[in-house]
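Listed below, chain by chain, are the residues.
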Amino acid sequence: MSAEAKTVLLVDDAPANLHVVNSILKSTYKIQIATSGEKALKLANQSPAPDLILLDVMMPEMDGYEVCSRLKSAADTRDIPVIFLTGQTETDDETKGFEVGAVDYIHKPFSPAVVKARVHTHLVLRGIREQLASQLLTIQHEMETAREIQLSILPREIPAIQGLDIAARYIPMTSVAGDFYDFIQIDEKRIGVLVADVSGHGMPAALISSMLKIALAAQTSCAFDPARVLTGLNQALYGKFQGHFVTAAYVLIDTGKQTLRYAGAGHPPLIVWDNSAGETRELVENGLFLGFFPDAAYTSVEIPFREGDWSVLYTDGIPETTNRSDEQFGGDRFKLVLQSHHDRSVGQFVDGVLDELSRWSDTASGREPEDDITLLAVHFNSEKRS
């Protein structure tokens, strides 16, 4: 027997059975013996706990089914594999054993080869499960660290531009995601806003979105020109990754001129609420998505942006969210929500949209989200000016 031999707890009220099984296993494992269910529970809860339990089904006072149920209901013992020892061969009896948490059965009379094989197999499986659990815990810790790092690249606060109310919400599908938004404040009257979406999910998309942070910072000198910003981002990203691409929208808002200039790169259209006309419209000025074509060219379009107007940037996780009937939320429904919420504050607006989306997709009942979601709304509110 090795110094690191596993401990097997043998539970049976029949001395003959204890003697047979003990003689089969004693040269390989440390054997603990209990002659009752109560004694078995006491030994199982001692430290160190047994690595596996061989448990007789038919015992007085407390049978094996009840012992197993108690073991599986306790946090300290639920992971110990239990193999039932039984002379019964009925399917219903075995089914009951598996229902209370047993991993296997060994039938009487005992075959030494079968006993050794079953015990060895389930000890190996337990070791594999513990190793996988440890690896999963490490991955979870690493993903949490990655999530914290990714959140740190998002703006800590929204820049203050007199006359503009801005709110943003970022909801990753998993711990880390490929959506990204950021601002370039040019001066007290002009601000550039970027919203981007990396194809795919998880760590690769998150790493690319972190590259966007650096690439956008390098566009400060041309932040007043959305087409040049997207061109610069494309050149910075091209050749840096394979199998992914980035869609993006960049808006320059000038409160002095009361204008909005917009350029897109394969991104969903900008939605604008024209307060004076009382209607919404989509603004599309799209070039090719970023990071895939070295010579992609972009153009921008300029429109007036006046008191009471809204502009909404978002990623495709919003219009492509489906309900339980597999129907998409869609752009038209999104615009209707904007129309019905335009008299709210900007924070109430973005939260209201996400509430509508949650009801549509039924995520409140535990339905998993289908994509990352970023929503950024800008309200021109000149009444705040001094």
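Residues numbered from 1 in each chain as written. Predicted model: local features only at pLDDT ≥ 70, side-chain atom pairs only at ≥ 80, totals over all residues. Heavy atoms only, no water.

Let's hear about the pattern of salt bridges: which residues, and what values?
One pass over the full model with this rule turns up 15 salt bridges. Across the pair Arg169 and Asp351 runs a salt bridge whose closest N-O atoms are separated by 2.9 Å. Taken together, the positions of Arg169 in strand 6 (residues 164–171) and Asp351 in helix 9 (residues 346–361) put the pair 182 residues apart, joining distant regions of the chain. A residue is classified by how much of its surface remains accessible, and Asp351, at 34% relative accessible area, is partly exposed. Here Glu302 makes a salt bridge to Arg261, at a shortest N to O gap of 3.8 Å. Residue Glu302 is found in strand 14 (residues 301–304), and its partner Arg261 is found in strand 10 (residues 259–265); the two are separated by 41 residues along the sequence. Given a relative accessible area of 48%, Glu302 falls into the partly exposed group. (Salt bridge = Lys/Arg side-chain N within 4 Å of Asp/Glu carboxyl O. Helix = DSSP H or I, 4+ residues; strand = E, 2+ residues; numbered from the N terminus. Buried < 20%, exposed > 50% of the residue type's maximum accessible area, 1.4 Å probe, protein only.)

Requested: an account of the side chain of Thr374, with residues and values cited.
The topology assignment puts Thr374 in strand 16 (residues 373–380). A polar side-chain atom of Thr374 sits 3.0 Å from a polar atom in the side chain of Asp179. (Polar contact = N/O pair within 3.5 Å; in protein donor to acceptor, adjacent residues only side chain to side chain.)

Can you explain the pairing of strand 1 (residues 7–11)? Please cite residues and give values.
Strand 1 sits mainly inside the fold: five of its five residues count as buried. Once the chain exits strand 1 it traverses helix 1 (residues 15–25) before rejoining the sheet at strand 2 (residues 30–34), and the crossover so formed is right-handed. Taken together, the four bridges between strand 1 and strand 3 (residues 52–56) define a ladder with parallel strand orientation. Of the residues in strand 3, the one forming a bridge with Val8 is Leu52. (Right-handed = clockwise from strand over helix to strand, strands pointing away. Pairing = 2+ DSSP bridges.)

Describe in detail the nonpolar core, supporting the description with residues and values.
Of all hydrophobic cores here, the largest spans 52 residues; its most connected members are Leu164, Leu230, Val246, Leu260, Leu313 and Leu376. Dropping the residues within four chain positions of it, Leu260 is found in contact with Val251, Leu252, Ile253, Leu270, Leu283, Val301, Glu302, Ile303, Phe305 and Ser311. Counting 22 residues, the second-largest nonpolar core is a separate cluster that includes Leu9, Met59, Met62 and Ile80. (Core = buried A, V, L, I, M, F, W, Y, C linked by side-chain atoms within 4.5 Å. Contact = heavy atoms within 4.5 Å.)

Residue-level account of the sheet that holds strand 5 (residues 104–107), with values.
In a beta sheet, neighbouring strands pair by backbone hydrogen bonds and run either parallel or antiparallel. Strand order in this open sheet of five strands is 2-1-3-4-5, and the pairing throughout is parallel. At either margin of the open sheet sits one strand with a lone partner, and together these are strand 2 and strand 5. Neighbour-to-neighbour, the strand axes of the sheet open up by a mean angle of 20°, direction not taken into account. Relative to the sheet, helix 3 (residues 64–73) contacts strand 3, strand 4 (82–86) and strand 5, its axis offset from that of strand 4 by approximately 175°. Lying over the sheet, helix 4 (residues 91–99) contacts strand 4 and strand 5, oriented at roughly 140° with respect to strand 5. (Axes fitted to C-alpha atoms, helices over the stretch in contact; angles between N-to-C directions.)

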